[in-house]
Structure formats: structure tokens, C-alpha cells
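Spelled out, the chains give:
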Amino acid sequence: MSKYLKATALTLGVGLLAAPVLAGQYGLGRPALPEEIAAWNLDIHPDGSGLPEGSGSVEDGEMLFSENCASCHGDFAEGVDNWPKLAGGDGTLADKDPVKTVGSYWPYLSTVWDYVHRSMPFGNAQSLSNDDVYAITAYILYSNYLVEEDFVLSNENFLEVEMPNADGFIVDDREEAESHFRQDEPCMENCKESVEITMRARVLDVTPQEEEAENDAAFEEQKAEAETAVVEEAAEEEPAASEEPAAAPDPALVEAGEKVFRKCKACHQVGEGAKNRTGPVLNGIMGRAAGSVEDFRYSKALEEAAEGGLVWTEETLAEFLANPRKNLKGTKMAFAGLRKDEDQAAIAAYLSTFE
């Protein structure tokens with residue numbers, strides 16, 4: 001072996017053994033030890049292979065998530081600022097702006113466990129035990145209403161969890177399906193007789209700027225039609241006048257409530273077209289019986305409170321929002337609460353404007 005190769009081997013810490021892996025070629029290296037392979041072989045496959053023994057409950061996961069993950073992903077996986085949402089987005093994948101979360105988009109639970117295990121928490125990766133990872137994964141499932149609050153995830157029941165979008169992906173078969181595009185001598189003639197620009201991406205400045213009056217006229221016509229549609233839609237959204245209008249809440253209080261509601265928007269929607277997300281629609285909540293929104297899956301705790309006659313009023317809502325988990329033990333709403341009386345009153349005033 002040359003002096004250069006010996007020096008390189010020593011610098012890289014490569015052992016010079018009598019039976020190297022590449023004997024006859026370079027004379028470097030040795031077979032990797034089992035523990036060395038194990039240190040790198042961390043990936044978990046969709047069929048569960050690679051999962052270590054262990055388990056973790058939703059209850060333990062909630063505490064671990066709050067301590068290690070909530071600063072970026074929110075107390076109940078709703079996302080903070082531009083950090084990713086891990087919960088919600090159900091039924092949005094076909095929307096113009098889909099919300100891709102663990103519950104709405106991810107096809108395999110193995111990816112969740114694997115990613116948390118390798119890369120989280122941010123800035124302190126691989127500091128969690130296997131049981132911690134199972135517990136956090138269980139809490140993420142619970143935040144997406146995929147398991148119950150008493151669920152315990154383990155390597156034994158891992159494959160029993162069904163991910164909603166498991167069938168939303170296809171095998172990449174482009175090697176065969178698109179093989180007809182790869183020809184020895186591709187045709188470069190008579191592709192299309194003519195090309196006409198019908199709309200212009202002016203803002204992006206990507207459309208070739210040929211000065212054709214006909215195209216400009218078409219663009220202006222489409223722009224005018226879009227503006228007219230927006231005006232008509234806004235007119236349709238104006239609520240019809242009530243025969244006996246109730247006393248309007250203080251506008252200043254409503255405005256303050258709208259700002260406070262920003263803390264709730266990740267899970268709750270109000271207004272025209274509102275849909276159930278992580279939390280139910282809040283239109284018409286004031287004076288409404290608790291747990292009465294159709295097609296929403298409430299916690300057992302709220303269902304029991306509803307059976308007991310709970311009705312949302314300014315007083316009951318304020319009491320609940322002061323500390324949700326304390327005032328309704330077992331609620332799925334993991335929000336920390338609104339401690340200030342003025343914030344509670346502002347939310348009630350704001351919500352009262354949505355019938």
C-alpha cells in the first residue's frame with residue numbers, strides 16, 4: 001500500500017485489517033460491526049418493520065407534546081405562525097389551498113414515528129426515548145380524531161391504525177407508463193399548426209409579450225367578469241334584515257373579539273361557508289345547546305355535559321374558556337384558555353354576530 005493510502009486510512013480512522021472488504025482493489029476498510037449498522041439503520045417501513053419495542057399513551061403524549069413540540073406546532077397540533085399544522089385539514093385535499101396534515105394527507109403512520117424519532121424535537125433531535133415517540137405519535141393521532149383519548153400506541157397495535165389518506169397515493173410507474181416519450185429520434189416537426197395566447201400572466205411576467213389587441217381585449221373582458229362575480233358574491237353574502245332585530249353588541253367589543261378569535265381560527269370557523277375542522281363550526285353558538293353541531297365528533301366529556309343540559313351562554317362560555325381542560329375534564333380542546341374577563345366578553349360579543 002502506498003504511503004498516501006496509508007496516511008489517508010489513518011486520517012479517516014479506517015482499520016488496516018488482514019481481510020479487508022475491498023481486498024484485491026484498494027486494501028482498505030473492514031466489515032461494519034452489527035452495532036455500527038444498527039446506529040444507522042433507523043428507518044421504519046410502512047409494514048412496521050424496524051419498529052422498536054415500546055408503547056405510549058395519548059395522556060402521556062399530551063404532556064410530552066406540550067413540553068417538546070407545542071412551541072412550534074401549537075398545544076393541539078394546530079401549528080404556530082408558519083410552523084406546520086399537524087392536525088386538521090380533513091376534506092381539503094381537493095381545495096385550491098389544501099391543508100396537508102398527518103390526519104388529512106400522510107398515508108403511513110410509520111413516517112410519523114420515523115420523523116419524530118430521528119428529527120424531533122427541533123434543536124434537540126433524538127433526545128426522546130422510544131416510549132416518548134410512541135406517546136407523541138399517539139397524541140398526534142388523537143389530535144386528528146383518529147384514536148380515542150384512552151388509546152395506547154405500541155409496536156404491537158401499530159398497524160391497526162388506519163390513516164385516512166392511505167389510498168391517496170399511487171406507485172410511481174413512469175418508467176413504464178411514459179416509456180413511449182423516450183424515442184431514439186424524437187419527432188420535432190408538425191407538433192401543432194398554431195399557438196394562440198388567450199390569457200396573460202402579467203403579474204408573473206412569464207407570458208411572451210406580443211402586442212395583439214385581440215388578446216388584450218380578451219384579458220380585460222375576463223378581468224371585468226371576475227370583478228363582477230366578486231361584487232355579486234359579496235352582495236349575496238349580506239344577511240337579510242330581521243323582522244325583529246336583537247340588540248346589537250358593542251362594535252368596539254366585537255372588534256376586540258375578532259382579534260382574540262385569531263387564537264381560535266386554527267380549529268374553528270365562523271361565517272358564510274364555515275366548515276367543521278379540528279373544532280366545530282361556531283355559527284349560532286350563543287344560546288345553542290352544547291354538542292349540537294351536525295357531523296362533528298365531540299369528546300365523551302362534552303357529550304355528557306350536553307346530556308346534562310349545558311347551553312352556551314355568555315356566562316357558560318366564559319367559564320369554559322377560562323380553563324377548558326380544568327372546567328371540562330376530558331375535553332378534546334387542548335387550548336390553554338382565556339384568563340382575562342375582557343377577552344371572554346369580547347369573544348362572546350364577536351360570536352354573537354354569527355347566526
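Draft legend 1. Up close: the overall build of the protein. Along the backbone of the protein there are 13 helices and two strands. Expressed as a percentage of the 355 residues in the protein, the buried residues total 32%. The long-range fraction of contacts in the protein, counting pairs at least 24 apart against all pairs at least 6 apart in sequence, stands at 51%.

Draft legend 2. Summary view of the nonpolar core. In terms of nonpolar packing, the biggest core is built from 60 residues, with Ile347 and Leu351 touching the most fellow members. Only helix 3 (58-68), helix 5 (109-119), helix 6 (130-143), helix 9 (251-260), helix 10 (300-307), helix 11 (314-322) and helix 13 (341-351) provide two or more residues apiece to this core. For this core, the leading source of residues is helix 6, giving nine residues. Excluding residues within four positions of it along the chain, isoleucine 347 makes contact with Gly257, Val260, Phe261, Cys264, Leu317, Leu321 and Leu338.

Draft legend 3. Representation of the packing of aromatic side chains. A complete count under the given rule lists ten aromatic pairs for this structure. Ring centres 5.8 Å apart and planes at 85 degrees place the aromatic pair tyrosine 145 and phenylalanine 296 in the edge-to-face group. One end of the pair, tyrosine 145, is in the loop between helix 6 and strand 2 (152-154); the other, phenylalanine 296, is in the loop between helix 9 and helix 10, and 151 residues separate them in sequence. In this pair, the class of tyrosine 145 matches that of phenylalanine 296, namely buried. Aromatic rings pair up to connect Phe65, Tyr139 and Tyr142 into one cluster. A cation sits over an aromatic face here: lysine 100 above tyrosine 105, 4.8 Å from the ring centre.

Draft legend 4. Seen up close, the packing of helix 5 against helix 6. It is the contact of helix 5 with helix 6, at a shortest axis distance of 10 Å, that shows an interaxial angle of 130 degrees. Between helix 5 and helix 6, the angle is such that the two are oblique. Between helix 5 and helix 6 lies a crossing of right-handed hand. Side by side, helix 5 and helix 6 meet where Leu109, Val112, Trp113, Val116 and His117 of the first sit next to Asn130, Val133, Tyr134, Ile136, Thr137, Ile140 and Leu141 of the second. In terms of residue class, the contact of helix 5 with helix 6 is built from nine nonpolar, three polar and no charged.

Reading the values: the criteria
Counting from 1, residues in each chain are numbered in the order their sequence is written. Thresholds applied to this predicted model are a pLDDT of at least 70 for local features of residues and 80 or more for the giving and counting of side-chain atom pairs; totals over whole chains, interfaces and linings are not thresholded and use all residues. With hydrogens and water stripped out, all remaining heavy atoms of the structure feed into the side-chain values. Comment: elements are numbered from the N terminus, with helices defined as DSSP H or I runs of at least four residues and strands as E runs of at least two. Buried, partly exposed and exposed residues are distinguished by accessible area as a fraction of the type maximum, computed with a 1.4 Å probe on protein chains only: under 20%, between the cut-offs, and over 50%, respectively. For this analysis, residues touch if any pair of their heavy atoms sits within 4.5 Å. What is meant by a nonpolar core is a set of buried Ala, Val, Leu, Ile, Met, Phe, Trp, Tyr and Cys residues, joined one to another through side-chain atoms within 4.5 Å. Two aromatic rings, drawn from Phe, Tyr or Trp (for Trp, its six-membered ring), form a pair once their centres lie within 6.5 Å of each other, and the interplanar angle then sorts them: stacked below 30 degrees, edge-to-face above 60, tilted otherwise. We call a charge positioned above a ring when the Lys NZ or Arg CZ atom is no farther than 6 Å from the ring centre and deviates by at most 35 degrees from the ring normal. Comment: axis = line fitted to C-alpha atoms, over the contacting stretch for helices; angle = value between 0 and 180 degrees taken between N-to-C directions. Angular relationships are summarised with four words: roughly parallel below 35 degrees, roughly antiparallel beyond 145, roughly perpendicular across 65 to 115, and oblique for the angles in between. Note on convention: near helix rotated counterclockwise from far helix by under a right angle means a left-handed crossing. Clockwise means right-handed. Residue classes follow a fixed rule: Ala, Val, Leu, Ile, Met, Phe, Trp, Tyr, Cys and Pro count as nonpolar, while Asp, Glu, Lys and Arg count as charged, and any other residue, Gly among them, counts as polar.

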